[in-house]
Amino acid sequence: MLRYLTAGESHGPELVAIIEGLPAGLTVTEEMIGRDLVRRQQGYGRGGRMKIEKDRARIVSGVRWGRTLGSPLGLVVENKDWANWQEKMSADPAHAGSMNAVTRPRPGHADLTGMLKYCHADARNVLERSSARETAARVAVGAVAKALLLELGIKVMGWVTEIGTVAAGGFTGKADILCKKAEASEVRCPDESASWSMIEAIDRAKDAGDSLGGVFEVTVTGCPPGLGSYVQRDRTLDGLLAGAIMSIQAIKGVEVGMGFDAARRPGSQVHDEIFHTSKKGFFRKTNHAGGIEGGMSNGSDIVIRAAMKPIPTLYKPLQSVDIVSRKAFKASVERSDTCAVPAAAVVGEAVAAFVIAQAMAEKFGGDSMTEMKRNFEGYIDYIKNF
Ligand SMILES: Cc1cc2nc3c(=O)[nH]c(=O)nc-3n(C[C@H](O)[C@H](O)[C@H](O)COP(=O)(O)O)c2cc1C
């Protein structure tokens, strides 16, 4: 079973991740992981922290000379600001009280409910872990999953389609080309003219002390048919992907393929008809289903979209109540992102990649990459001749 856990507070010494169940013989380097960590930090609209943190992953176990051993892979991403937080976030009780408690919960964050749930009088004990800083660890984990998938010809790519009210035109090109264009865009959007409008929208929101959300899309190419299952509904690939995407901070909606639009159309405009030729085998001319039917990948590209709410920490303060004085106050901000949809797209790639890697490991087993590839190739041959 392929699984992972992360740990670490936003201003603690480091973020930690352990991935268990990786096949032996997979090529993994710190540089590969570092590339995705940098991609997560980019994007127009990010706040001051991104300038402090230059994330790097350190592999501390499970890899020898660039190849996985089959043992748990341990990863560490240091928080570069730790020097300023050593006492404030110390595990040592001797440093208790070295900073004032945060008693003013911010709307739109885990602060108030987290304090109620875990019986904390200091919102810092909540926000340090609920913060999206945690996504750096998940992006590192996702980079390893992507490396595994790439060896099997599967790519996971994300880009932004909407920011606020600015929507990119419908994309028709190949995923690889869209991805290249997105990499060149400051807002990770493959549509150049929409990118400029998105940047302007972010500037306007920032000037107004406001924030913006948006929509990103993740596409998975090269997936074989048959990942996930219909036999038990908690094994459906769309359910697992939606859960993973929804687990990203600030994601409020997920759709697969045509998604919500399918609800507004008659069936004749929604379902992807099946064709066959001796050369191509079974194929579809459309992909409204977003590559998943009956809880299983059907061999078309998997297409998922996610809606991100606007960043809740606003320079234009929102109303809240101090939990000690019970007095109303306006939540103030030192630094925050105005828009983090481009970064969220990178996190989306990471969590989707891990779900697909899990499904591949489940279907093709694999104590080693050699074994996994052999099983995978055998299945592809079987599908071709079906
Ligand atoms: C990549 C990324 C960066 C984020 N940056 C910020 C930020 O700078 N300030 C902020 O208030 N919220 C930020 N958020 C959103 C909050 O983490 C999120 O809204 C909060 O944890 C509440 O979670 P929920 O909306 O899922 O309930 C960010 C989210 C992501 C995915």
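Cut-offs and rules
Residues numbered from 1 in each chain as written. Predicted model: local features only at pLDDT ≥ 70, side-chain atom pairs only at ≥ 80, totals over all residues. Heavy atoms only, no water. Phe/Tyr/Trp six-rings, centres within 6.5 Å; stacked < 30°, edge-to-face > 60°. Helix = DSSP H or I, 4+ residues; strand = E, 2+ residues; numbered from the N terminus. Buried < 20%, exposed > 50% of the residue type's maximum accessible area, 1.4 Å probe, protein only. Lys NZ or Arg CZ within 6 Å of the ring centre and 35° of its normal. Contact = heavy atoms within 4.5 Å. Polar contact = N/O pair within 3.5 Å; in protein donor to acceptor, adjacent residues only side chain to side chain. Core = buried A, V, L, I, M, F, W, Y, C linked by side-chain atoms within 4.5 Å.

Student: Would you mind showing me how to read the packing of aromatic side chains here?
Tutor: The description of two aromatic rings rests on the distance between their centres and on the angle between their planes. Under the counting rule described, the total for this entry stands at seven aromatic pairs. Judged by centre distance (4.7 Å) and plane angle (75 degrees), the rings of Y4 and F354 are edge-to-face. Here the residue Y4 occupies a position in strand β1 (residues 3-7), and F354 occupies one in helix α9 (residues 341-364), the gap between them amounting to 350 residues. Looking at Y4, the relative accessible area reads 27%, which means it is partly exposed. Members of the aromatic cluster, connected to one another through ring pairs, are F282, F364, F376, Y379, Y382 and F386. When the ring centre of W65 is taken as origin, the NZ or CZ atom of R64, which lies over that ring, is 3.9 Å away.

Student: Is there a simple way to think about the environment of T27 in this case?
Tutor: On the secondary structure map, T27 appears in the loop between β2 (14-20) and α1 (30-41). Residue class for T27 comes out partly exposed when judged on its relative accessible area of 30%. Sequence separation between T27 and D322 is 295 residues, and the spatial gap between their C-alpha atoms is 51 Å. When near neighbours in sequence (up to four residues on either side) are disregarded, T27 contacts M32, G66, R67, A147 and E151. Separated by 3.4 Å, the side chains of T27 and R67 make a polar contact.

Student: Quick question: what am I supposed to make of the nonpolar core here?
Tutor: Note that soluble globular proteins tend to have their nonpolar side chains buried in a common cluster. I33, L75, F216, I356 and M360 are the most contacted members of the largest nonpolar core, which totals 82 residues. Broken down by element, this core gets its largest block of residues, 17 residues, from α9. Once residues within four sequence positions are removed from consideration, L75 is found in contact with L15, V16, A17, I19, I33, A57, R58, I59, V60, A140 and V141. Formed by six residues, the second largest nonpolar core is a distinct cluster that contains W159, A175, L178 and A182.

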